Amino acid sequence: MSEPASAPQPWLRRMSGRDPGEAHRASTPLELLFDLTFVVAVAQAAAQLEHALAQDHAAHALEGYAVVFFGLWWAWVNFTWFGSAYDTDDVAYRLLTLLQMAGVLVFAAGIPAAFEHFHYATVVAGYVIMRMAMVAQWLRAAHSDPAGRAATLRYAAGITVVQLAWIGRLWLTGLPGLASFAVLVAAELAVPAWAEFRGQATPWHPGHISERYGLFTIIVLGEVIAAIAAAVQTALSHSQVSAALLIIAAAGLGLVFALWWSYFKHSATEQIRESLPWTFVWAFAHYLIFASVAALGAGLQVTVGTLDHHAGVTPLFAAFTVAIPVATFIVVLGLLGAHAGSERFGIRLTLLTAVLILAGAAAAPILTLPASIVIMAGLVVLLLAYHLDAARYPTGR
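Residues numbered from 1 in each chain as written. Predicted model: local features only at pLDDT ≥ 70, side-chain atom pairs only at ≥ 80, totals over all residues. Heavy atoms only, no water.

1. Let's talk about the nonpolar core
Counting 119 residues, the largest nonpolar core has Y213 and W282 as its most contacted members. Beyond its immediate chain neighbours, meaning those up to four positions away, Y213 contacts W76, V77, W81, Y263, W282, A283, H286 and F290. (Core = buried A, V, L, I, M, F, W, Y, C linked by side-chain atoms within 4.5 Å. Buried < 20%, exposed > 50% of the residue type's maximum accessible area, 1.4 Å probe, protein only. Contact = heavy atoms within 4.5 Å.)

Printed below as a string of structure tokens:
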């Protein structure tokens with residue numbers, strides 16, 4: 001239980017691990033503040049993606065975005081799972097979390113250089129600040145929780161070694177740089193598996209984790225709404241409002257609402273309670289979910305820029321900047337739902353819908369860009385309607 005508001009905040013509490021079955025476990029105000037710092041970084045990543053796509057630099061854009069978003073997502077994931085298990089809300093915990101928030105802002109400041117010139121020094125500096133603050137938290141947990149000491153020390157050691165490797169990677173360029181990035185991503189992902197499976201699993205709370213991931217989904221969906229508003233505002237400032245612009249903005253909002261409803265149509269708490277291996281799959285798959293939603297905002301801005309000729313791309317290219325994120329989102333979410341027991345026809349329908357969304361994008365030069373975006377939104381809405389009806393009237397197909 002939290003301290004009364006009038007009670008003095010303790011400097012240190014024992015990090016003995018929270019109860020995984022704790023009732024009414026909800027996100028704390030500190031966690032919400034932490035998430036807000038990521039709004040800045042995610043917005044910066046999406047803006048740089050939009051800028052690169054608008055210049056028809058697709059390969060450059062995707063490489064920079066994949067690298068940058070991984071760093072943001074992985075730092076958020078590690079804080080979230082640690083907090084679910086060991087949040088003491090004492091002064092030391094708050095200060096180390098504040099240090100991580102400072103690291104997020106340093107990371108965000110380095111995103112433009114990472115995209116434009118592949119200069120990752122500032123990004124890596126921010127990332128290492130965030131991760132080494134987590135090392136301090138894991139060492140606190142190791143000191144206070146003898147039962148979980150093996151796992152917490154593995155986390156601390158693994159994170160430290162990988163951060164040293166990230167710093168060393170700054171001197172690598174070209175193909176060795178790309179290869180080392182892939183190796184270090186694998187190493188980052190391997191640390192939790194090594195720690196959790198070799199030691200006593202950390203006492204994270206399934207309901208709390210499900211809520212935290214849902215809240216971050218809302219954050220990236222909010223970035224899409226902000227992107228739509230920014231694109232419309234730019235058009236207004238140039239006196240270039242048109243029916244096509246309004247149609248794309250309306251369809252974009254429809255997509256946001258349909259994706260939100262699709263994600264929250266059922267709780268993931270019971271899914272991640274089943275087994276630790278499946279929990280890892282569920283957690284890691286959210287990289288694609290979060291990244292695709294944030295990329296959707298960039299894609300919608302590119303489509304609006306194409307209408308008013310501020311983006312140097314074709315309608316076909318612009319349509320795919322929307323279609324690919326949407327198709328990725330519904331397929332990943334559908335596959336996660338398949339594990340939860342969704343019937344086979346629903347999975348096949350999800351895959352068919354993704355194919356039709358991509359086909360709608362391919363037909364943009366014929367249908368016009370606004371019509372293509374409307375078709376995508378309509379397909380997602382129809383898929384959502386099917387799943388809602390199937391949940392209400394199960395047929396056992």
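Having seen the structure, we can now continue with the description.
2. Regarding empty space enclosed by the protein
A complete count under the given rule lists three cavities of 30 Å³ or more for this structure. Each pocket or cavity is described by its volume, and for the largest cavity that value is around 220 Å³. Lining the largest cavity are 16 residues; nearest its centre among them are V77, W81, Y155, P192 and F280. Put simply, the parts of the chain that give the lining of the largest cavity at least two residues each are α2 (58-86), α6 (174-198) and α10 (276-307). (1 Å grid on protein atoms, 1.4 Å probe; cavity = no way out; pocket = protein on both sides within 12 Å on 5 of 7 lines; lining within 4 Å. Points joined across faces, edges and corners; volume = space filled by probe spheres on them. Helix = DSSP H or I, 4+ residues; strand = E, 2+ residues; numbered from the N terminus.)

3. Things to note about the pattern of salt bridges
Enumeration according to the criterion identifies five salt bridges in this entry. Residue D90 pairs with R140 through a salt bridge whose shortest N-O separation is 2.7 Å. Separated by 50 residues along the polypeptide, D90 in the loop between α2 and α3 (91-117) and R140 in helix α4 (residues 121-144) bring together distant segments of the chain. E188 is paired through a salt bridge with R131; the nearest N and O atoms lie 3.1 Å apart. Of this pair, E188 sits in helix α6 while R131 sits in helix α4, and the two are 57 residues apart along the sequence. For R131, a relative accessible area of 1% gives the class buried. Shared partners join several salt bridges into a network, and the residues in it are E31, D35 and R212. (Salt bridge = Lys/Arg side-chain N within 4 Å of Asp/Glu carboxyl O.)

4. Remarks on a nonpolar patch on the surface
There is a patch of nonpolar side chains on the surface, built from I218, F257, W260, W261, F264 and L388 and spanning about 530 Å² of accessible area. Here the element with the most residues in the nonpolar patch is helix α8 (residues 243-263); it accounts for three residues. In this structure, W260 sits in helix α8. (Patch = residues over 30% accessible without salt bridge, like charges linked within 9 Å, V, L, I, M, F, W, Y side chains within 5 Å. Areas by Shrake-Rupley, 256 points an atom, 1.4 Å probe, with all protein chains shown as cover.)

5. Regarding the side chain of T88
One can find T88 in the loop between α2 and α3. A relative accessible area of 10% means that T88 is categorised as buried. If we skip the residues at most four places from it in the chain, T88 touches R13, R14, M15, Y93 and R140.

6. Remarks on the packing of α3 against α4
The interhelical angle for the contact between α3 and α4, taken along N-to-C directions, is 160°, at an axis separation of 6 Å. Classified by the angle their axes make, α3 and α4 are roughly antiparallel. At the point where α3 passes α4, the crossing takes the left-handed sense. In terms of residue class, the contact of α3 with α4 is built from 18 nonpolar, seven polar and one charged. (Axes fitted to C-alpha atoms, helices over the stretch in contact; angles between N-to-C directions. Parallel < 35°, antiparallel > 145°, perpendicular 65-115°, else oblique. Left-handed = near helix turned anticlockwise from the far one by under 90°. Nonpolar A, V, L, I, M, F, W, Y, C, P; charged D, E, K, R; others polar.)

7. Remarks on the packing of α6 against α10
Two measures define how a pair of helices packs: the angle their axes make with one another and the distance between the axes. The N-to-C vectors of α6 and α10 enclose an angle of 160°; their axes lie 12 Å apart at closest approach. The orientation of α6 relative to α10 falls into the category roughly antiparallel. Considering only the axes of α6 and α10, their crossing is right-handed. Contacts from L189, P192, A193, E196 and F197 of α6 reach α10 at L276, P277, F280 and F284.

8. A closer look at unusual backbone geometry
Even without being a glycine, D89 presents a positive backbone phi close to 55°. For D89, the position within the fold is in the loop between α2 and α3. Phi is positive for T368, which is not a glycine, with a value near 85°. Positionally, T368 belongs in the loop between α13 (364-367) and α14 (369-392).

9. Considering the side chain of E50
Counting through the fold element by element, E50 comes out in helix α1 (residues 29-54). It is R169 that comes nearest to the buried, bridge-free E50 among opposite-charge side chains, at 24 Å. In this structure E50 touches A298, Q301 and V302, once residues within four positions along its chain are discounted. (Lys, Arg positive; Asp, Glu negative; His and termini not counted.)

10. Considering the environment of L184
Positionally, L184 belongs in helix α6. For the pair formed by L184 and A165, sequence separation is 19 residues and the distance between their alpha carbons is 7.5 Å. Ignoring anything within four residues of it in the chain, the contact list for L184 reads V162, A165, W166 and R169.

11. Concerning the packing of aromatic side chains
For the structure on display, the rule yields 35 aromatic pairs. Counting every residue linked through ring pairs, the aromatic cluster contains Y65, F69, F70, W73, W74, Y127, W166, F181, F197, F280, F284 and Y287. (Phe/Tyr/Trp six-rings, centres within 6.5 Å; stacked < 30°, edge-to-face > 60°.)

12. Side note on the confidence of the model for the protein chain
Within the protein chain, residue pLDDT values average 88, and 93% of them lie at 70 or more. A low-confidence stretch, residues 1-6 (pLDDT under 50), is modelled with one contact involving residues beyond four sequence positions or located in other chains. (pLDDT = per-residue confidence, 0-100.)

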